[in-house]
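One letter stands for each residue in the lines below.
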Amino acid sequence: MSTPKTEADCLFCRIVAGDVPAEVVHATERTVAFRDINAQAPTHVLVVPRDHYADAAELAAGDPEATAELVRTAAAVATAEGHPDDYRLVFNTGAGAGQTVFHTHLHVLAGRDLAWPPG
Ligand code: AMP
Ligand code: ZN
């Protein structure tokens, strides 16, 4: 779990590697942030760790510092997009909760009213 990992057939590993194009808006030592291809809000950015972990809990267990950096990056993205105080962070975990890409990603949503509870 502590070894940096990539998976050849993982879409987000391929985006991190630059093998699949994405609109990258922020990058740090451990994270990359890029726009969601199917935006659900004026700002909809995905922040991913450079290393492959399947979900947020695996990342937190394997690399706590990267988990914190994910949140710091998300806040920096929201601020850069003009929404420093009002944004939503989401980790969908498991297919039943809507996770479709099994490389940890933190959704950053902002720029419109965000209802609660989410759908
Ligand atoms: P989730 O459903 O939580 O696993 O989120 C996966 C997200 O990845 C969805 O919001 C998709 O729109 C997004 N997505 C899928 N393919 C790409 C891509 N090539 N570039 C950017 N975002 C993508
Ligand atoms: Zn991956």
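The shown structure was predicted, so the numbers you read here are calculated from the model rather than taken from an experiment. (Residues numbered from 1 in each chain as written. Chains lettered and ligands numbered in written order. Predicted model: local features only at pLDDT ≥ 70, side-chain atom pairs only at ≥ 80, totals over all residues. Heavy atoms only, no water.)

1. Side note on the overall build of the chain
Along the backbone of the chain there are three helices and five strands. Taken over C-alpha atoms, the radius of gyration comes to 14 Å for the chain, in line with the 14 Å a tight globule of 119 residues would show. Its C-alpha atoms give the chain principal-axis dimensions of about 40 × 30 × 25 Å. Going through the 119 residues of the chain one by one, you find that 36% of them count as buried. Long-range pairs, those at least 24 residues apart, make up 54% of the contacts in the chain between residues at least 6 apart in sequence. Charge centroids of the chain, computed over 8 positive and 16 negative side chains, lie 1 Å from each other. (Helix = DSSP H or I, 4+ residues; strand = E, 2+ residues; numbered from the N terminus. Rg over C-alpha atoms; globule rule 2.2 N^0.38 Å. Buried < 20%, exposed > 50% of the residue type's maximum accessible area, 1.4 Å probe, protein only. Contact = heavy atoms within 4.5 Å. Lys, Arg positive; Asp, Glu negative; His and termini not counted. Charge placed at Lys NZ, Arg CZ, Asp CG, Glu CD.)

2. Some words on the coordination of the zinc ion (ligand 2)
Protein ligation of the zinc ion (ligand 2) involves Cys10 (SG), Cys13 (SG), His52 (ND1) and His103 (ND1), the donor distances falling in the range 2.0 to 2.3 Å. Because the angles between the four donor atoms bound to the zinc ion (ligand 2) fall within 106 to 116°, the donor set is best described as tetrahedral. As a motif over one chain, the donors of the zinc ion (ligand 2) read C-x2-C-x38-H-x50-H. Here His103 lies in the loop between β4 (88-90) and β5 (106-110) and Cys13 lies in helix α1 (residues 11-17), a separation of 90 residues in the sequence. (Donors = N, O, S within 2.8 Å, 3.2 Å for Na, K, Ca; no water. Tetrahedral: all angles 85-135°; square planar, octahedral: opposite > 155°, others 65-115°.)

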